[in-house]
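What follows is the residue order along each chain.
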Amino acid sequence: MHVQRFLGSAWASVHGPKDPQKLLVSLLEGNFAGLAASPGPRPIQWSLVRDAAVDLPVRFGAVRVSNPLAEHSALRSLCSQSEGEREVAHRAIRDAVACAQTIGSNTVVLDLGVVGVTGDIEAEDLGERNYEWTHERAHALLARRKVARNAFVDRACRELFSVIKSFPAMHFCVVQGRSLRSVLDLDAMQDIVEDLGGRRLGYWHDAAICARREQILAEPQGEWLESFGNRLKGMTLGDASGDGMYLPPGSGGVDYGLCASYVPRTGNAFPVVLELDLSVAPGEMAGMRSCLDKYGL
């Protein structure tokens, strides 16, 4: 098993050195292979980071279209029935592709937005702190999602077909979203895979989101890996509990042994991204690395 561990850029942009070269050197000193890009609270000039990496053994992992730490995804409207709303999501995808081209990555990770429902929503973010997700609350929202689910999954198939066709040099992976209304669930993923046929589409495993889905919906986190492990192209690591998501590894419900068991034994180095909530202190990094080292992640 050979993994390359990257640090998520959202946390790094806040807690790491501001100078691009110093940031990259600090990653190498922390036994990271480099950065994985995504939008964050502090914009990063990726062209400067790329230039700073010229003489360093640094790599750049996948580019995630949305900020995984934010409740509202830039792709929220990807499967909307409104062309104007979908264009907002496609603009975010184009920006991510441009970022990938700048830093020399060919992997772009995207969620598929949310299913539209009628009426007010009390809560939908799986990472919302201190919200008491009961069986009744969760399944009441899922029942509302079910009404429009088919139309949004159909739209997801069409949008993915268009995206893959538009950027043939890129490898696109789909990942779970933070919302309980997310278009992508296990059944939707199966429908999308069947619809796209042999077209190249990868699966990216977000361990924190899957752990929260298990905690709230009793959906086994390993079911995603078992069903789509043959398409697995990378993982986002970070823990999850009722206190939130992207917590220090070892502090929540993520099964890291399970994750490690699905890392391919052969082939190119497998990318894993340590994604952290902004509240996680830099002083916890040594313990987080030790936890991941224990599982070979």
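Okay, so let's go over this structure. Note that the structure is a prediction, hence the values are computed from the model and not measured.

Overview of the pairing of strand 5 (residues 171-174)
Here is step 1 of the chain: Note: strand 4 (residues 107-110) against strand 5, four bridges, orientation parallel. Note on strand 5: the bridge partner recorded for Val108 is Phe172.
Here is step 2 of the chain: As a crossover connection, the stretch from strand 5 through helix 6 (residues 186-196) into strand 6 (residues 202-206) is right-handed.

Here we look at the pattern of salt bridges
Here is step 1 of the chain: According to the stated counting rule, one finds 14 salt bridges in the structure shown.
Here is step 2 of the chain: Among the ionic pairs, Arg50 bridges to Asp51, the shortest N-O distance being 3.2 Å.
Here is step 3 of the chain: By relative accessible area, which is 43% here, Asp51 ends up partly exposed.
Here is step 4 of the chain: The residue Glu124 makes a salt bridge to Arg76 at a minimum N-O spacing of 2.9 Å. Of this pair, Glu124 sits in the loop between strand 4 and helix 5 (135-166) while Arg76 sits in the loop between strand 3 (59-64) and helix 4 (83-103), and the two are 48 residues apart along the sequence.

Examining the sheet that holds strand 2 (residues 34-37)
Here is step 1 of the chain: Read around the barrel, eight strands follow the order 1-2-3-4-5-6-7-10 and close on themselves; strand pairing throughout is parallel. Within the sheet, the average angular offset between the axes of one strand and its neighbour, ignoring direction, is 30°.
Here is step 2 of the chain: By the bridge criterion, five bridges tie strand 1 (residues 3-8) to strand 10 (residues 270-274) in an arrangement that is parallel. Paired with Phe6 across the strands is Val273, a residue of strand 10.
Here is step 3 of the chain: In this fold helix 4 packs onto strand 2, strand 3, strand 4 and strand 5, with an angle of close to 175° to the strand it touches most, strand 3.

Let's talk about the pairing of strand 6
Here is step 1 of the chain: In terms of burial, strand 6 is largely enclosed, as five of its five residues are buried.
Here is step 2 of the chain: Of the two faces of strand 6, the one holding Gly202, Trp204 and Asp206 and the one holding Tyr203 and His205 are both buried throughout.
Here is step 3 of the chain: With two bridges connecting them, strand 5 and strand 6 associate as parallel partners. Following the sheet pairing, Val174 is matched in strand 6 by Tyr203.
Here is step 4 of the chain: Sheet analysis places strand 6 next to strand 7 (residues 232-237), joined by four bridges and oriented parallel. Along strand 7, the bridge assignment pairs Tyr203 with Leu232.

Some remarks on the nonpolar core
Here is step 1 of the chain: Core analysis: the biggest nonpolar cluster contains 92 residues, and Phe172 and Ile192 have the highest contact counts within it.
Here is step 2 of the chain: Those residues in contact with Ile192, other than ones at most four positions away along the chain, are Leu112, Val153, Ala156, Cys157, Leu160, Leu184 and Leu201.
Here is step 3 of the chain: In this structure, Ala33, Ala62, Cys173 and Trp204 belong to the second largest nonpolar core, which totals nine residues.

Rules used throughout
Residues numbered from 1 in each chain as written. Predicted model: local features only at pLDDT ≥ 70, side-chain atom pairs only at ≥ 80, totals over all residues. Heavy atoms only, no water. Pairing = 2+ DSSP bridges. Helix = DSSP H or I, 4+ residues; strand = E, 2+ residues; numbered from the N terminus. Right-handed = clockwise from strand over helix to strand, strands pointing away. Salt bridge = Lys/Arg side-chain N within 4 Å of Asp/Glu carboxyl O. Buried < 20%, exposed > 50% of the residue type's maximum accessible area, 1.4 Å probe, protein only. Axes fitted to C-alpha atoms, helices over the stretch in contact; angles between N-to-C directions. Contact = heavy atoms within 4.5 Å. Core = buried A, V, L, I, M, F, W, Y, C linked by side-chain atoms within 4.5 Å.

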